[in-house]
Amino acid sequence: MRAYDIIYKKREGKSLTRAELEFLITGYVKEEIPDYQISAWAMAVFFQGMDAQETADLTMLMAESGDMIDLSPITGTKVDKHSTGGVGDTTTLVLAPLVAAAGLPVAKMSGRGLGHTGGTIDKLESIPDFNTSLSEDKFFDNVNQHGLAVVGQTGNLTPADKKLYALRDVTATVESIPLIASSIMSKKIAGGADAIVLDVKTGNGAFMKDKSSARKLAQAMVNIGKQTGRKTAAYLTDMNQPLGKAVGNALEVKEAITTLRGDGPADLTELCIELGAGMLKLADKVTELKAGKKLLREKLNSGAALAKLKEMITAQGGNPAVVEDLTLLPTAENSLEITAAKSGYINEIEAIEVGLAAMLLGAGRENKDSQIDLAVGLELKKKIGDQVKKGESLAVIYYNSAQNLAEAKAKLEQSFTISSDKPASNKLIYEIIK
Ligand code: URA
Ligand code: CA
């Protein structure tokens with residue numbers, strides 16, 4: 001086999017066999033095939049696409065390129081949740097204890113934040129002494145004993161995806177549906193998931209700005225699930241404004257605790273109930289989504305979900321008192337209010353600008369090695385559809401260093417659009433694809 005012939009075949013719009021893809025991917029990981037040939041193939045895929053079988057084959061080849069986590073020491077169906085990334089997405093911190101309280105084992109591996117989106121591991125590290133790097137045995141034990149554990153990624157997971165993603169990033173081949181779908185699904189499959197709930201965000205703060213490409217991505221990932229024997233459901237959800245109100249690490253932990261107390265923002269609460277019901281259904285814990293939602297609302301209202309979070313914090317060495325006393329979490333020294341320049345209704349909150357403002361304050365990483373400040377970030381006081389009077393608070397910035405403050409403030413101010421008409425109500429969940 002020759003890489004040239006495989007690139008040529010894809011350039012001409014033909015489907016590649018598993019053997020041909022294997023030749024490319026394993027050859028690439030072993031550095032027998034150079035970057036320039038893989039770049040040419042990726043560009044051919046960008047223009048010609050891949051069929052469902054090719055996409056599934058590529059997914060499995062990337063999943064099998066490194067360690068495959070075996071979650072079989074954990075009893076029960078392991079359902080993973082993945083978000084394609086958004087601003088202020090506090091979902092995992094709420095969802096993990098919520099579904100665990102309903103009896104679903106949660107063995108979650110999460111990442112750190114990059115750019116304008118945050119990462120669950122950074123957020124958890126704002127809980128004093130919380131340990132996100134458990135040994136594999138301890139990870140399994142914790143899930144079996146307490147029903148949940150959230151840790152950072154360990155081992156050598158999907159090296160083929162790491163290499164290919166870095167290459168796509170510099171060759172203008174990121175925005176290909178089959179390449180994105182296989183990249184995401186390969187990581188979930190290597191992570192040992194039996195079933196997968198995908199939160200595919202769409203809107204100005206999402207990777208997929210328009211609904212039709214988000215839908216195609218969701219469908220491509222659900223198809224991969226079908227082809228590889230992992231039950232998969234994809235939720236198409238709104239990212240035209242940040243989720244909830246808090247953006248920033250410790251601020252989002254506070255928001256998650258508040259939500260588990262039953263006093264959280266409506267959108268964050270609703271999304272967690274919806275996605276959680278999807279997870280319970282995939283695991284056959286309920287037969288109908290409606291029953292799943294009812295069960296989760298009970299777990300929220302009874303305090304069982306909050307108790308689960310506390311149990312997890314204790315089991316991972318953190319200070320469980322944060323659940324009752326939010327002042328034990330890192331707090332920024334200064335705050336600054338952003339106010340409305342005129343009266344009207346909030347029509348738009350550009351999520352990406354809000355995310356960038358938080359990053360400028362030090363809540364997110366500009367590059368992989370940036371240091372972050374867990375205490376800083378911002379809190380929205382208004383969301384789309386809310387009425388506002390001139391001079392009223394739109395958001396509060398929490399900061400320690402004034403270095404990028406002016407720029408962050410300007411970004412945050414610009415992210416709000418105030419109009420005289422009340423906007424049509426902003427839908428949170430557009431569609432479920434399964
Ligand atoms: N996220 C991923 O994990 N992979 C992609 O290719 C794009 C976004
Ligand atoms: Ca939030």
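Residues numbered from 1 in each chain as written. Chains lettered and ligands numbered in written order. Predicted model: local features only at pLDDT ≥ 70, side-chain atom pairs only at ≥ 80, totals over all residues. Heavy atoms only, no water.

### Considerations on the sheet that holds strand E6 (residues 246-247)
Across a sheet, strands are paired by hydrogen bonds formed along the backbone, either parallel or antiparallel in direction. Spatial strand order, E6-E9-E11-E7: four strands in an open sheet with antiparallel pairing. Because the sheet does not close on itself, it has two edges, and the strands there are E6 and strand E7 (334-339). With respect to the sheet, helix H15 (residues 351-361) is in contact with E6, strand E9 (377-380) and strand E11 (393-399), its orientation differing from that of E9 by roughly 145°. Along the sheet face, helix H16 (residues 405-415) touches E7, E9 and E11 and points at about 155° away from the line of E11. (Pairing = 2+ DSSP bridges. Helix = DSSP H or I, 4+ residues; strand = E, 2+ residues; numbered from the N terminus. Contact = heavy atoms within 4.5 Å. Axes fitted to C-alpha atoms, helices over the stretch in contact; angles between N-to-C directions.)

### Considering the coordination of the calcium ion (ligand 2)
Looking at the calcium ion (ligand 2), the protein donor atoms are Gly88 (O), Thr90 (OG1), Leu243 (O), Ala246 (O) and Glu255 (OE), and they sit 2.3 to 2.8 Å from it. Spacing between the donor residues of the calcium ion (ligand 2) along their common chain follows G-x1-T-x152-L-x2-A-x8-E. With Gly88 in the loop between strand E1 (79-83) and helix H5 (91-101) and Leu243 in the loop between strand E5 (231-238) and E6, the pair connects residues that are 155 residues apart, well separated along the chain. Per residue, the accessibility class of Gly88 equals that of Leu243, and both read buried. (Donors = N, O, S within 2.8 Å, 3.2 Å for Na, K, Ca; no water. Buried < 20%, exposed > 50% of the residue type's maximum accessible area, 1.4 Å probe, protein only.)

### A few points about the sheet that holds strand E10 (residues 387-388)
Taken in spatial order, the three strands line up as E10-E8-E12 in an open sheet, and their pairing is antiparallel. In this open sheet, the two edge strands, each paired with only one partner strand, are E10 and strand E12 (416-419). Judged from the two bridges that link them, strand E8 (residues 344-349) and E10 form a sheet pairing that is antiparallel. Across the sheet, Gly344 pairs through a bridge with Val388, a residue of E10.

### Topic: the UniProt feature "domain: Pyrimidine nucleoside phosphorylase C-terminal" (unreviewed entry) in the protein chain
Cross-referencing UniProt, the feature "domain: Pyrimidine nucleoside phosphorylase C-terminal" (unreviewed entry) maps to residues 345-419 in the present numbering. The span residues 345-419 is 29% helical and 29% strand by assignment, and the distance between its end C-alpha atoms comes to 5 Å. (UniProt positions renumbered as here; feature names shortened; annotations may be inferred.)

### A few points about the layout of surface pockets
A volume near 240 Å³ is recorded for the second largest pocket. Lining the second largest pocket are 14 residues, with Gln241, Asp267, Lys383, Asn426 and Leu428 positioned closest to its centre. It is helix H12 (residues 266-282) that contributes the most residues to the lining of the second largest pocket, three residues altogether. (1 Å grid on protein atoms, 1.4 Å probe; cavity = no way out; pocket = protein on both sides within 12 Å on 5 of 7 lines; lining within 4 Å. Points joined across faces, edges and corners; volume = space filled by probe spheres on them.)

### Remarks on the domain arrangement of the protein chain
Many authors give the size of an interface as the accessible area that is lost as the parts come together. On domain assignment, one finds that the protein chain holds domain 1 (3-49), domain 2 (79-323) and domain 3 (332-419). Domain 2 and domain 3 are separated by 24 Å when their C-alpha centres are compared. Each partner contributes residues to the interface: domain 2 has 26 residues there, and domain 3 has 27 residues. Carbon and sulfur atoms supply 60% of the area buried between domain 2 and domain 3, which totals about 2,000 Å² over both sides. Taken together, domain 2 and domain 3 are joined by two salt bridges. Lys383 is the partner of Asp267 in a salt bridge, and the nearest nitrogen-oxygen pair spans 2.5 Å. Every element with two or more residues in the side of domain 2 that touches domain 3 is listed here: E6 and helix H11 (249-260). (Domains from an automatic or database assignment. Buried area = accessible area lost by both parts, 1.4 Å probe. Salt bridge = Lys/Arg side-chain N within 4 Å of Asp/Glu carboxyl O.)

### Focus: empty space enclosed by the protein
For the structure shown, the criterion picks out two cavities of 30 Å³ or more. Taken as a whole, the largest cavity spans an internal volume of roughly 150 Å³. As for the largest cavity, its lining consists of 22 residues, and the residues nearest its centre are His116, Thr117, Gly118, Ala363 and Gly364. Elements represented by at least two residues in the lining of the largest cavity include exactly helix H6 (120-124), H11 and H15. Residue classes in the lining of the largest cavity are distributed as seven nonpolar, 11 polar and four charged. Counting residues domain by domain, the lining of the largest cavity receives three or more from each of domain 2 (79-323) and domain 3 (332-419). (Nonpolar A, V, L, I, M, F, W, Y, C, P; charged D, E, K, R; others polar.)

### Side note on the pattern of salt bridges
Enumeration over the complete set of coordinates arrives at 26 salt bridges. Between Lys163 and Glu31 there is a salt bridge, with its nearest N and O atoms 3.2 Å apart. With a gap of 132 residues between them, Lys163 in helix H8 (residues 159-169) and Glu31 in the loop between helix H2 (18-29) and helix H3 (35-48) connect regions that are remote in the sequence. By relative accessible area, Lys163 is classed as partly exposed at 24%.

### Here's the deal with the site of ligand 1
Close to ligand 1 lie Tyr165, Arg168, Ile180, Ser183, Ile184, Lys187 and Phe207. Interatomic distance of 2.6 Å between a side-chain N/O atom of Ser183 and a nitrogen atom of ligand 1. At the level of secondary structure, the elements contributing two or more residues to the shell around ligand 1 comprise H8 and helix H9 (177-190). It is H9 that contributes the most residues to the shell around ligand 1, four residues altogether. When its residues are assigned to classes, the shell around ligand 1 shows four nonpolar, one polar and two charged. (Near = heavy atom within 4 Å. Polar contact = N/O pair within 3.5 Å; in protein donor to acceptor, adjacent residues only side chain to side chain.)

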